[in-house]
Amino acid sequence: MGTATRRAGQCAIAGVLTVPLVVAPALTADAAAGPAGVAAKGAMLFDSGAKKIKWSRNADVKRPMGSITKVMTAAVVLRAGHLDRKVTIKQKYIDYAIRQGGSMARLRAGDKLTVRQLLNGLMLPSGCDAAYALADVYGPGWRGFVTKMNKTAKSLGMTKTHYANFDGLPWPSGTATYSTPRDLVRLGHYAMKNSEFRAVVGRRTYTLAANREHQRYSWISTNRLLGSYRGMIGIKTGHTDAAGYSFMFAAKRGSRTLIGVVLNSSTTSEQARFTDAGKILNWGFGVRTADVLTVPPVPAGANVD
């Protein structure tokens, strides 16, 4: 890949870096002051229990969000159900992800995986091949699936969101798929109510042993705050040249669950979204000490999305 710029969730192998559908409640801000030192162009922090926005920046400005799009992909699939359904992987899913320069779960043509397994391949390594497989089956056809994504967004009150595709890659243009911090927090609040979704996005790794139906798979989450930020429980990273490095996140401490998003924390530093999230969460949880967040290096073999 060299120095070429990456598209949404483009695979960067790293070795060295030091549900029933319900309309979400109305979101109202309760604090004007907020965390210091946050670089993101758009951001929001939501207290899920109190159902109140704690802080926001440019809450209603539309921005591309890269593979955060896949949260809606998962939500549409989970709403439809049939998670034990087996999906045969087609070569076109793999060719698409390679052609578009997208991050991959490295699926193999001919393998049969359950929808539940593919959801892990979608969310942990941000597999655009897995996204296409799910969209193709649940559309049926990817165009039908994208229509369902937009209908679901409308049902959730995401009035400033539009999906042009199923994975957040920058086609037909870099800004064709977009949302706002307010809409994305609404989506995150909805998605995290689903136990299957919480289980998937809370995993740091997921491994499938080889059997008669598929080869071995081992996936690592792109969310490096899992296991390094106390209370982190999900959700999803995203990146394109237009979106910058972005991150939807959720953390729980005691009885409080906070859900947030940062859009375009940086166009050059992929760690900036994690440090932004840590500062926002520390402020939200009322951490008064100088709690310095150390973002761990990218695990060997993991994608950077």
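Residues numbered from 1 in each chain as written. Predicted model: local features only at pLDDT ≥ 70, side-chain atom pairs only at ≥ 80, totals over all residues. Heavy atoms only, no water.

- As annotated in an unreviewed UniProt entry, the protein chain carries the name D-alanyl-D-alanine carboxypeptidase and comes from Actinomadura macrotermitis.

**Quick look at the UniProt feature "binding site: substrate" (unreviewed entry) in the protein chain**
Part 1 of the reasoning: The positions that UniProt labels "binding site: substrate" (unreviewed entry) are, in the present scheme, K236.
Part 2 of the reasoning: Assignment of secondary structure puts K236 in strand 7 (residues 232-240).
Part 3 of the reasoning: Not counting the four nearest positions on each side in its chain, K236 is found in contact with S67, I68, K70, V71, L122, M123, S126, T222, F247, M248 and D305.
Part 4 of the reasoning: Among the polar contacts listed, one links the side chain of K236 to the side chain of S126, at a separation of 2.9 Å. (UniProt positions renumbered as here; feature names shortened; annotations may be inferred. Helix = DSSP H or I, 4+ residues; strand = E, 2+ residues; numbered from the N terminus. Contact = heavy atoms within 4.5 Å. Polar contact = N/O pair within 3.5 Å; in protein donor to acceptor, adjacent residues only side chain to side chain.)

**Observations regarding the side chain of R273**
Part 1 of the reasoning: Its location among the elements puts R273 in helix 8 (residues 272-285).
Part 2 of the reasoning: Residue classification places R273 among the buried positions, given a relative accessible area of 1%.
Part 3 of the reasoning: There is a polar contact of 3.0 Å between the side chain of R273 and the backbone oxygen of E270.
Part 4 of the reasoning: Engagement of the side chain of R273 in a polar contact is seen with the backbone oxygen of D305, the distance being 2.5 Å.
Part 5 of the reasoning: Ignoring anything within four residues of it in the chain, the contact list for R273 reads T237, G238, H239, Y245, S246, F247, V262, S265, V304 and D305. (Buried < 20%, exposed > 50% of the residue type's maximum accessible area, 1.4 Å probe, protein only.)

**Looking at the packing of helix 4 (residues 128-138) against helix 5 (residues 142-155)**
Part 1 of the reasoning: The contact between helix 4 and helix 5 brings their axes to 7 Å, and the two run at 90°. Between helix 4 and helix 5, the interaxial angle falls into the category roughly perpendicular. Along its contact with helix 4, which presents Y132, L134, A135, D136 and Y138, the element helix 5 presents W142, F145 and K148.
Part 2 of the reasoning: For the contact of helix 4 with helix 5, the per-class residue count stands at six nonpolar, no polar and two charged. (Axes fitted to C-alpha atoms, helices over the stretch in contact; angles between N-to-C directions. Parallel < 35°, antiparallel > 145°, perpendicular 65-115°, else oblique. Nonpolar A, V, L, I, M, F, W, Y, C, P; charged D, E, K, R; others polar.)

**Section: the nonpolar core**
Part 1 of the reasoning: One finds M72, L119 and F197 to be the most contacted residues of the largest nonpolar core, which totals 68 residues.
Part 2 of the reasoning: Ranked by residues supplied to this core, first place goes to helix 4 with nine residues.
Part 3 of the reasoning: Here L119 is in contact with A74, V77, L78, L83, L134 and V200, once residues within four sequence places are set aside.
Part 4 of the reasoning: Of all hydrophobic cores here, the second largest spans 21 residues; its members include L226, M232, I280 and V295. (Core = buried A, V, L, I, M, F, W, Y, C linked by side-chain atoms within 4.5 Å.)

**Here we look at the packing of aromatic side chains**
Two measures describe an aromatic ring pair: the distance that separates the ring centres and the angle between the ring planes.
Part 1 of the reasoning: Applying the stated criterion across every chain yields a total of 12 aromatic pairs.
Part 2 of the reasoning: Summarising the aromatic geometry, the rings of Y96 and F166 are spaced 5.3 Å apart at their centres and angled 50° between planes, so their arrangement reads as tilted. Note that Y96 is positioned in helix 2 (residues 91-100) and F166 in the loop between helix 5 and helix 6 (181-191), a separation of 70 residues in sequence.
Part 3 of the reasoning: Given the relative accessible area of 4%, Y96 is considered buried.
Part 4 of the reasoning: Where W142 meets W171, the ring centres are 5.2 Å apart and the plane angle is 80°; that geometry is what we call edge-to-face. With a gap of 29 residues between them, W142 in helix 5 and W171 in the loop between helix 5 and helix 6 connect regions that are remote in the sequence.
Part 5 of the reasoning: The class of W171 is buried, set by a relative accessible area of 17%.
Part 6 of the reasoning: A connected cluster of aromatic rings, assembled from ring pairs, spans Y93, Y96, Y132, W142, F166 and W171.
Part 7 of the reasoning: Between R108 and the ring centre of Y217, over which it is positioned, the NZ or CZ distance is 4.7 Å. (Phe/Tyr/Trp six-rings, centres within 6.5 Å; stacked < 30°, edge-to-face > 60°. Lys NZ or Arg CZ within 6 Å of the ring centre and 35° of its normal.)

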